[in-house]
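Read off the chains here:
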Amino acid sequence: MEVTNKTVFITGSSRGIGLAIAHQFASLGANVILNGRREISQEILQQFDNYSGKAIAISGDVSSFEDCQRMVAEATEKLGAVNVLVNNAGITNDKLMLKMTQEDFEKVLAINLTGTFNMTQSVLKPMTKLREGAIINISSVVGLTGNIGQANYAASKAGVIGLTKSVAREVAARGITVNAVAPGFIESDMTDAIPEKMKENIINQIPMKRIGKTKEVAEVVSFLAQQDYLTGQVIAIDGGMTMY
């Protein structure tokens with residue numbers, strides 16, 4: 001699907017990977033919708049002034065089904081039907097399983113997995129009518145391998161992969177593609193805070209010997225949105241860390 005003049009909704013796009021994805025689509029001439037639980041600042045929106053397409057902000061909580069329906073309706077009213085959905089919103093709340101409470105577990109799943117369901121459900125009917133659309137879900141290599149202290153996060157991201165493959169099967173005949181990307185260690189506020197010694201140990205586990213860039217994830221996401229015969233796939237963007 002050609003994304004120029006198409007409408008792209010990116011959840012959790014006020015910073016990091018989500019913001020990089022928004023810039024990537026904007027650079028291709030798409031109209032982008034930035035999203036966060038809090039209001040997107042004017043400073044962030046001004047970053048998009050030099051692109052040919054439009055950029056608007058719609059705030060809302062993806063863990064709320066009603067909020068998701070409202071946000072999609074607002075996006076449709078302002079920019080037309082959502083052609084591409086990128087489910088990027090996510091949180092972590094790391095604890096060892098022995099210390100993890102039910103609330104710790106469910107809070108992460110509510111955003112990462114249920115939020116992906118809520119947004120997908122909200123855009124699917126209009127997409128099926130158009131017989132065109134692309135959904136890209138941001139999973140994680142942790143959803144493929146598991147990780148100590150991240151049972152809740154790993155479960156949510158593994159669930160995103162299962163959801164991706166199931167929905168891809170359901171809507172393929174309608175011309176809608178559904179794929180996932182699984183980033184490894186990507187430059188972010190979180191990786192910046194990792195102590196240098198620990199960061200060295202992480203880099204030693206990566207065949208390419210470096211941490212990834214947000215732009216590298218964004219480029220794969222936009223690539224997937226433009227493919228009409230690629231669906232149900234999970235692409236790990238991890239410098240080869242999980243190839244074994």
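Small disclaimer: the values here were computed from a predicted structure and weren't measured. (Residues numbered from 1 in each chain as written. Predicted model: local features only at pLDDT ≥ 70, side-chain atom pairs only at ≥ 80, totals over all residues. Heavy atoms only, no water.)

### Examining the UniProt feature "binding site: NADP(+)" (unreviewed entry) in the protein
Thinking step 1. Annotation from UniProt places "binding site: NADP(+)" (unreviewed entry) at Gly12, Ser13, Ser14, Arg15, Asn88, Tyr153, Ala154, Ala155, Ser156, Lys157 and Ile186. A maximum C-alpha distance of 24.5 Å shows the annotated residues, which cover 175 residues in sequence, to be distributed over more than one spot.
Thinking step 2. Judged by relative accessible area, which is 15%, Tyr153 ranks as buried.
Thinking step 3. Among all residues touching Tyr153, those that are not within four sequence positions of it are Ile91, Thr92, Val108, Asn112, Ser140 and Val142.
Thinking step 4. As for its placement among the helices and strands, Ala155 is situated in helix H6 (residues 151–171).
Thinking step 5. Judged by its relative accessible area of 32%, Ala155 falls in the partly exposed class. (UniProt positions renumbered as here; feature names shortened; annotations may be inferred. Buried < 20%, exposed > 50% of the residue type's maximum accessible area, 1.4 Å probe, protein only. Contact = heavy atoms within 4.5 Å. Helix = DSSP H or I, 4+ residues; strand = E, 2+ residues; numbered from the N terminus.)

### Points about the nonpolar core
Thinking step 1. One finds Ile21, Phe25, Val84, Val86 and Val221 to be the most contacted residues of the largest nonpolar core, which totals 31 residues.
Thinking step 2. Secondary-structure elements contributing two or more residues to this core are strand S1 (7–10), helix H1 (16–27), strand S2 (31–34), helix H2 (42–46), strand S4 (84–87), strand S5 (133–138) and helix H9 (214–225).
Thinking step 3. The element that contributes the greatest number of residues to this core is H1, accounting for seven residues.
Thinking step 4. Counting residues in each nonpolar core, the second largest holds 30 residues, with Leu79, Ala89, Val108 and Met127 among its members. (Core = buried A, V, L, I, M, F, W, Y, C linked by side-chain atoms within 4.5 Å.)

### Things to note about the environment of Ala75
Thinking step 1. Relative to the assigned elements, Ala75 resides in helix H3 (residues 65–79).
Thinking step 2. Along the primary structure Ala75 and Ile33 are separated by 42 residues, whereas in three dimensions their C-alpha atoms are 7.4 Å apart.
Thinking step 3. Look past the residues within four positions of Ala75 in its chain and what remains in contact with it is Phe9, Ile33, Ile58, Gly80 and Val82.

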